[in-house]
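# Descriptive structure summary
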Amino acid sequence: MLSLNLHLLSAFIPTFFVVSITPGMCMTLALSLGITIGVRRAMWMMAGELVGVALVATSAAVGVAAFMLKYPTAFILFKYAGGLYLAWLGIQLWRSRGKLAMPETDAPAPTSSRVQLAIQGFVTAIANPKGWAFFVALLPPFIDSDLPMAPQLTVLILIILCLEFICLQLYAHGGKKLSQALRRGAGVRVMNRIAGTLMIMVGGWLALA
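No experiment lies behind these values; they were computed from the predicted model shown. (Residues numbered from 1 in each chain as written. Predicted model: local features only at pLDDT ≥ 70, side-chain atom pairs only at ≥ 80, totals over all residues. Heavy atoms only, no water.)

When helices and strands are counted, the chain shows nine helices and zero strands. The contacts in the chain between residues at least 6 apart in sequence include a share of 85% that link residues at least 24 apart. (Helix = DSSP H or I, 4+ residues; strand = E, 2+ residues; numbered from the N terminus. Contact = heavy atoms within 4.5 Å.)

On to the side chain of Q152, then. Structurally, the position occupied by Q152 is in helix α8 (residues 149-182). Residue Q152 is classed as buried on the basis of its relative accessible area of 4%. In this structure the side chain of Q152 is engaged in a polar contact, spanning 3.0 Å, whose partner is the backbone oxygen of P148. (Buried < 20%, exposed > 50% of the residue type's maximum accessible area, 1.4 Å probe, protein only. Polar contact = N/O pair within 3.5 Å; in protein donor to acceptor, adjacent residues only side chain to side chain.)

This part takes up helix α2 (residues 25-36). Spanning 12 residues, α2 covers 17 Å between terminal C-alpha atoms, matching the ideal 16 Å at 1.5 Å per step. The buried fraction of α2 is high, at 11 of 12 residues. Residues of α2 that are buried include every one of M25, C26, M27, T28, L29, A30, S32, L33, G34, I35 and T36, and no others. Within two residues after α2, G38 carries a phi angle of roughly 90°, on the positive side. (Expected span 1.5 Å × (residues − 1).)

The relation between two aromatic rings is expressed through the spacing of the ring centres and the mutual angle of the planes. Counting across every chain of the model gives one aromatic pair. Between F12 and F16, the ring centres sit 6.0 Å apart and the planes meet at 20°, which makes this aromatic pair stacked. With F12 and F16 both in helix α1 (residues 6-21) and four residues apart, this pair spans about one turn of that helix. (Phe/Tyr/Trp six-rings, centres within 6.5 Å; stacked < 30°, edge-to-face > 60°.)

The N-to-C vectors of α2 and helix α6 (residues 114-126) enclose an angle of 155°; their axes lie 9 Å apart at closest approach. Accordingly, the angle class assigned to the pair α2 and α6 is roughly antiparallel. Here α2 and α6 pass one another in a crossing that is right-handed. Across the interface between the two elements, M25, C26, L29 and L33 of α2 pack against L117, Q120, G121, T124 and A125 of α6. (Axes fitted to C-alpha atoms, helices over the stretch in contact; angles between N-to-C directions. Parallel < 35°, antiparallel > 145°, perpendicular 65-115°, else oblique. Left-handed = near helix turned anticlockwise from the far one by under 90°.)

Turning our eyes to something else, we now look at the nonpolar core. Across soluble globular proteins, you tend to see nonpolar side chains buried next to one another. F12, L33 and F135 are the most contacted members of the largest nonpolar core, which has 47 residues in total. Of all the elements, α8 adds the most residues to this core, at 12 residues. Setting aside anything within four residues of it in sequence, one finds F12 in contact with L138, L139, F142, L156, I159 and I160. (Core = buried A, V, L, I, M, F, W, Y, C linked by side-chain atoms within 4.5 Å.)

What follows covers α6. The terminal C-alpha atoms of α6, which comprises 13 residues, lie 19 Å apart, in line with the 18 Å expected from a rise of 1.5 Å per residue. Within α6, the full set of buried residues consists of L117, Q120, G121, V123, T124, A125 and I126.

Let us look at the packing of α2 against helix α3 (residues 38-61). Where α2 contacts α3, the axes come no closer than 7 Å and their chain directions differ by 155°. Between α2 and α3, the angle falls in the class roughly antiparallel. Judged by the twist between their axes, the crossing of α2 over α3 is right-handed. Two secondary-structure elements touch here, α2 through C26, L29, A30, L33, G34 and T36 and α3 through G38, A42, M45 and E49. Of the residues contributing to the contact of α2 with α3, the split by class is six nonpolar, three polar and one charged. (Nonpolar A, V, L, I, M, F, W, Y, C, P; charged D, E, K, R; others polar.)

Turning our eyes to something else, we now look at the environment of L29. Of note, L29 is situated in helix α2. Of the residues examined, L29 reaches a relative accessible area of 0% and is grouped as buried. The spacing of L29 and T124 is 95 residues in sequence and 8.6 Å in space, taken between C-alpha atoms.

As structure tokens, then:
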């Protein structure tokens, strides 16, 4: 049986859920993709994002994040490149072009590959310095130093991934509902512009964070 502090665990779950459900880069990206490509295809972005979150949380737990925060130069080029890429996707969406945009006619739209969607999620998760800082600050208070470290970290990271997935789903489904409300006439263009604006915001947020 795993050695866990149930009191700390019961406090960790609502704490992380509140933090995760708060609008951020990944949630905004899920909302944007829910609008344009639907929940099912957005799952590939979610898969990449969850891998990134797991990597960040694990790295934070073993102290890598402290080094990265002390020497943030390692982040700069990567986060700028990721931010510019997402902003470019947003501009394409705003113009109703590109692989993520909903077509304004009956012609089938080009689609991003599963790998491209997963990379979007992964980059967004790991290129955010605030995400690293958050895990450095969040994890230690919920770890009982009198109990084995590995089982506690494993459970906490699994809980983080489950809650993150639930929140991503909520945002993506919200985007899907919005797209259904606007999927008529000029509504398609409005939908693309809403999604494009959100994507540009994520890109700018990522680059300037």
